[in-house]
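Structural characterization, general
As a plain string of letters, each chain reads:
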Amino acid sequence: MKKNCCISIITPTFNREKSIENTIKSVLNQTFTDWEMLIIDDLSTDKTSDIVKSFTKIDSRIKLFIRDRLPKGAPTCRNIGIKNASGKYIIFLDSDDILLPHCLDQRYNFIKQNPKLKVAIFPIACKSGNDISIIPIFPINYPIKNFLKYDNTWTIMNPIWNKEFLLLLKGFDESYER
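This is a predicted model, so every value here is computed, not measured.

The helix and strand inventory of the protein stands at 6 helices and 8 strands. Helices (α) and strands (β) of the protein occur, in sequence order from the N terminus, as β-α-β-α-β-α-β-α-β-β-β-α-β-α. With 178 residues in all, the protein has 43% of them scored as buried. In the protein, 75% of the contacts between residues at least 6 apart in sequence involve partners at least 24 apart. When the accessible surface of the protein is summed, it comes to about 10,300 Å², and 54% of that surface belongs to carbon and sulfur atoms.

Let us now look at the environment of L28. Positionally, L28 belongs in helix 1 (residues 20–28). As a C-alpha pair, L28 and I62 span 34 residues in sequence and 9.2 Å in three-dimensional space. The residues contacting L28, other than those within four sequence positions of it, are W35, F55, D59, R61 and I62.

Another aspect to go through is the nonpolar core. I7, I9, I24, M37, F92, L104 and I160 are the most contacted members of the largest nonpolar core, which has 42 residues in total. If you tally residues by element for this core, the top one is strand 2 (residues 35–41), at 5 residues. Every residue in contact with I24, bar those within four places of it in the chain, is listed here: M37, I39, V52, F55 and I62.

Here we come to unusual backbone geometry. For residues besides glycine, phi is generally negative; the peptide bonds are generally trans as well. With omega at 0°, the peptide bond leading from L70 into P71 counts as cis. Its place among the elements puts P71 in the loop between strand 3 (62–66) and helix 3 (74–84). Positive phi, normally seen in glycine, also occurs at L43, with a value near 65°. For K170, which is not a glycine, the phi torsion comes out positive at approximately 65°. Relative to the elements of secondary structure, K170 occurs in the segment after helix 6 (163–168).

Take the side chain of S19 next. Examined against the element boundaries, S19 turns out to sit in the loop between strand 1 (7–13) and helix 1. Ignoring any residue separated from it by four or fewer positions in sequence, one finds S19 in contact with S95 and D96.

Another point: helix 3. Most of helix 3 is tucked away: 8 of the 11 residues are buried. Those residues of helix 3 lying buried are P75, T76, C77, R78, N79, I80, G81 and I82.

Calculation criteria
- Residues numbered from 1 in each chain as written.
- Predicted model: local features only at pLDDT ≥ 70, side-chain atom pairs only at ≥ 80, totals over all residues.
- Heavy atoms only, no water.
- Helix = DSSP H or I, 4+ residues; strand = E, 2+ residues; numbered from the N terminus.
- Buried < 20%, exposed > 50% of the residue type's maximum accessible area, 1.4 Å probe, protein only.
- Contact = heavy atoms within 4.5 Å.
- Areas by Shrake-Rupley, 256 points an atom, 1.4 Å probe, with all protein chains shown as cover.
- Core = buried A, V, L, I, M, F, W, Y, C linked by side-chain atoms within 4.5 Å.

Shape is all these values report; function is a separate question.
Put into structure tokens, the structure is as follows:
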């Protein structure tokens, strides 16, 4: 029986042996601990899967899936993640990005205080050397419509999604490149 968690972090990956370890460590360093990390390997040809497997042995919240169907690409991997996620909420994290230690705490506390929301969009931080800057979200009239048209004012990492809402939307269109 699959144990449910609060937040599922879905990470598609392909040939990221140089960055996946830092991505995973940033999740392990979260102050919020009721999460699972689903890493979906898009059939990497480097050591990405081996690195992820080593972390699955250290922490059972980290799970590795190998893309087992076409088409190749992040949308397919994200949909595989959504299908296998046990969390009520979902965050997408690219395999070359990291989360600041308080990220999940902040998002969970906000969404818990606003239970009618199906998605909440947060600013993200960018790090260059020792400098961290916050990238604001620009106000727009139809954020979901713009997001679906790939006229993005935020990245894939900005939102926290209610899983049931993502299932209602039928996930990602796998014919799109990104």
